[in-house]
Amino acid sequence: MDLRFLETFIAIADCGSIAEAARRLNRTPAALTQRLHALEQELGHKLVLRSGRTVQPTAQGLAILDHARALVQGARDLQALAANGVPAGQLRLGATATSLTGLLPAIITRLSADYPSIEYFVQPGSSVDLYHRVVEGQLDAAIIVRPQFAIPKSTDWLTIRDEPLVFIASQSAPPLDPHVLIERSRFIRYDRNQWGGQIVDKYIRDHGLKVQEWLELDALDAIAALVDRGLGVAIVPDWAPPWPDGLRLRKTLLPAGEARHTGVIWQRSGARHPAVHAFVQACRTVFAGPAAGGRGRPPP
């Protein structure tokens, strides 16, 4: 049995959509459909039911889902175990949108040079979603915004970038104090469902700002592009470049030391621990440095 077929079934069951599973696995929907059909023919049972654009496992699919996860996980572990302590095998990582472009490429470049036997699977997502995937063991590590609560003892944390809050406005905006402009302009809010957005919301509440809320987005590059067009002002973390090309923004560091802390959370044990440890060391070498702060678990 081809483990890729099991991976495809698991992804479709988790996503509830062949199109979304295709994006996650970086394959075409047609390729995933072919894999799924091949697995169903081999097992002799229908594994999913389609309803419009969504799919859900059949009773037979649900019966094998946990076993399929265990088989795929075991196969990944075998490659890592066979390396006998040398970082190898598939490293399952998560990364937020800004860290995908601003942080992860440099880390993987460094790690690939030192340990060419490591393979990579990268899952994009929000900090909230990726945090839970690491805690539940679906991912080995993820680059996310640090949660404001204590992480489980099964995981650990390293801060690799402190991103202070900045006020952004178009260059055509009047040269007024940021707080004045915030209250006089339409405000484009960083999504409060995101941990970074909650930091922005706390700053607004702590300073008693009355915002003319116009739009709420979870995409920082889209917020910056809208501000550049003069459609409003915003408060965002000063995320790692690249920012969108061609922006002409006035960026002002805000007082009070508010910041979004981005770093890596990882599983402290497991068959792929050598590769995970190597990934964390690469994060520390490339970004954190020997004297970096923020290590260990966040305070409760």
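Structure shown above.
Numbers given to residues run from 1 along each chain, matching the order in which its sequence is written. In keeping with the model being predicted, local features are shown solely for residues with a pLDDT of at least 70 and side-chain atom pairs are shown and tallied solely at 80 or more, while totals for entire chains, interfaces and linings include all residues. Side-chain measures were taken over the full set of non-hydrogen atoms in the model, leaving aside hydrogen atoms and water.

A few points about the environment of Val180
In plain terms, the rule: For helices the rule is a DSSP run of H or I covering at least 4 residues; for strands it is a run of E covering at least 2, with both sets numbered from the N terminus onward.
Here Val180 lies in helix α8 (residues 178–184). On a C-alpha basis, the gap between Val180 and Lys210 in space is 9.9 Å, while along the polypeptide they are 30 residues apart.

Comments concerning the layout of surface pockets
Formally: Cavities and pockets were defined on a 1 Å grid built over protein atoms only: a cavity is a set of grid points that admits a 1.4 Å probe from which the probe cannot escape, a pocket is an open set flanked by protein on both sides within 12 Å along at least five of seven lines, and lining residues are those with an atom within 4 Å of any such point. Grid points are joined across faces, edges and corners, and a volume is the space filled by probe spheres set on the points.
Here the second largest pocket defines a volume of roughly 410 Å³. For the lining of the second largest pocket, the secondary-structure elements that each account for two or more residues are α5 (97–102), α9 (195–206) and α10 (220–228). Among the elements that line the lining of the second largest pocket, the one with the most residues is α5, at 3 residues.

A short note on unusual backbone geometry
Cis peptide bonds are those with omega within 30 degrees of zero, and the linkage from Pro241 to Pro242 qualifies with 15 degrees. The topology assignment puts Pro242 in the loop between β9 (234–237) and β10 (249–253).

Focus on the packing of helix α1 (residues 3–15) against helix α2 (residues 18–25)
Put simply, the rule reads: Whenever a helix is involved, its axis is fitted only over the stretch in contact; in every case the axis is a line through C-alpha atoms, and angles between N-to-C directions fall within 0 to 180 degrees. When an angle is under 35 degrees it counts as roughly parallel; over 145 it counts as roughly antiparallel; between 65 and 115 it counts as roughly perpendicular; any other value is oblique. The crossing is said to be left-handed when, going from far helix to near helix, the turn is anticlockwise and less than a right angle, and right-handed when the turn is clockwise. Only heavy atoms enter the contact rule, under which two residues are in contact if any of them lie within 4.5 Å.
At their nearest, the axes of α1 and α2 sit 8 Å apart, and the two run at 125 degrees to each other. Classed by the angle they form, the pair α1 and α2 counts as oblique. Where α1 crosses over α2, the two elements pack in a sense that is right-handed. When α1 is examined against α2, the residues Glu7, Thr8, Ala11, Ile12, Asp14 and Cys15 are found in contact with a partner set consisting of Ile18, Glu20, Ala21, Arg24 and Leu25.

Considerations on the nonpolar core
Quick reminder of the rule: By nonpolar core we mean a set of buried residues, namely Ala, Val, Leu, Ile, Met, Phe, Trp, Tyr and Cys, connected to one another through side-chain atoms within 4.5 Å. For every residue, the accessible area obtained with a 1.4 Å probe (protein chains only) is divided by the maximum for its type, and the residue is called buried under 20%, exposed over 50%, and partly exposed between those limits.
Ranked by size, the top nonpolar core spans 33 residues in total, and within it Phe9, Ile12, Ile144 and Ile265 carry the most contacts. Mapped onto this core, the elements with two or more residues apiece are α1, α2, α3 (29–43), α4 (59–82), α7 (127–135) and β5 (141–145). The greatest single-element share of this core, amounting to 8 residues, is contributed by α1. Discounting residues that sit within four places of it in the chain, Ile12 has contacts with Ser17, Ile18, Ala21, Leu36, Val48 and Val55. Formed by 28 residues, the second largest nonpolar core is a distinct cluster that contains Ala169, Ile199, Ala234 and Trp239.

A closer look at α7
For clarity, the threshold we go by: To be clear, the arc concerns the directions from the helix axis to the C-beta atoms.
Those residues of α7 not exposed but buried are Ser127, Leu130, Tyr131, Arg133 and Val134. What you see down the axis of α7 is that its buried residues fit within an arc of 165 degrees, all on one side.

Side note on the side chain of Arg189
Selection rule: We call two N or O atoms a polar contact when they sit within 3.5 Å, provided that within protein one can donate a hydrogen and the other can accept it, with sequence-adjacent residues counted only if both atoms are side-chain atoms.
By the element assignment, Arg189 lies in strand β7 (residues 186–190). Here the side chain of Arg189 touches Glu213 through a polar contact of 2.8 Å, side chain to side chain. When near neighbours in sequence (up to four residues on either side) are disregarded, Arg189 contacts Asp201, Ile204, Val211, Glu213, Leu215, Glu216, Leu217 and Ile223.

Some points on the packing of aromatic side chains
Counted only if it meets this: Between the rings of Phe, Tyr and Trp (Trp by its six-membered ring), a pair exists once the centres lie within 6.5 Å; its type follows the angle of the planes, with under 30 degrees stacked, over 60 edge-to-face, and the other angles tilted.
Within the structure shown, the criterion is met by 4 aromatic pairs. Consider the rings of Tyr131 and Phe149, whose centres lie 5.4 Å apart with planes at 80 degrees: the pair is edge-to-face. In this pair, Tyr131 is assigned in helix α7 and Phe149 in the loop between β5 and β6 (155–170), connecting sequence segments 18 residues apart. We classify Tyr131 as buried; its relative accessible area is 7%. On the basis of relative accessible area, Phe149 is assigned to the partly exposed category, the value being 34%. On the basis of an interplanar angle of 85 degrees and a centroid distance of 5.7 Å, the ring pair of Phe149 and Trp195 is categorised as edge-to-face.

Re the pairing of β9
Let me state the cut-off plainly: Between any two strands, at least two bridges found by DSSP are needed for them to pair.
Residues of β9 alternate between two faces, with Ala234 and Val236 on one and Ile235 and Pro237 on the opposite face, all of them buried. Pairing of β6 with β9 involves 4 bridges; the strand directions are antiparallel. In the sheet register, Val166 faces β9, and the bridge partner there is Val236.

Some details on the packing of α2 against α3
Threshold: By the convention adopted, Pro, Cys, Tyr, Trp, Phe, Met, Ile, Leu, Val and Ala count as nonpolar, Lys, Arg, Asp and Glu as charged, and the other residues, Gly among them, as polar.
Remark: α2 packs on α3, axes separated minimally by 8 Å, with the N-to-C direction vectors making an angle of 105 degrees. In terms of axis orientation, α2 runs roughly perpendicular to α3. Counted together, Ile18, Ala19, Ala21, Ala22 and Leu25 of α2 and Pro29, Leu32 and Thr33 of α3 form the full contact between these two elements. Partitioned by chemical class, the residues of the contact of α2 with α3 number 7 nonpolar, 1 polar and no charged.

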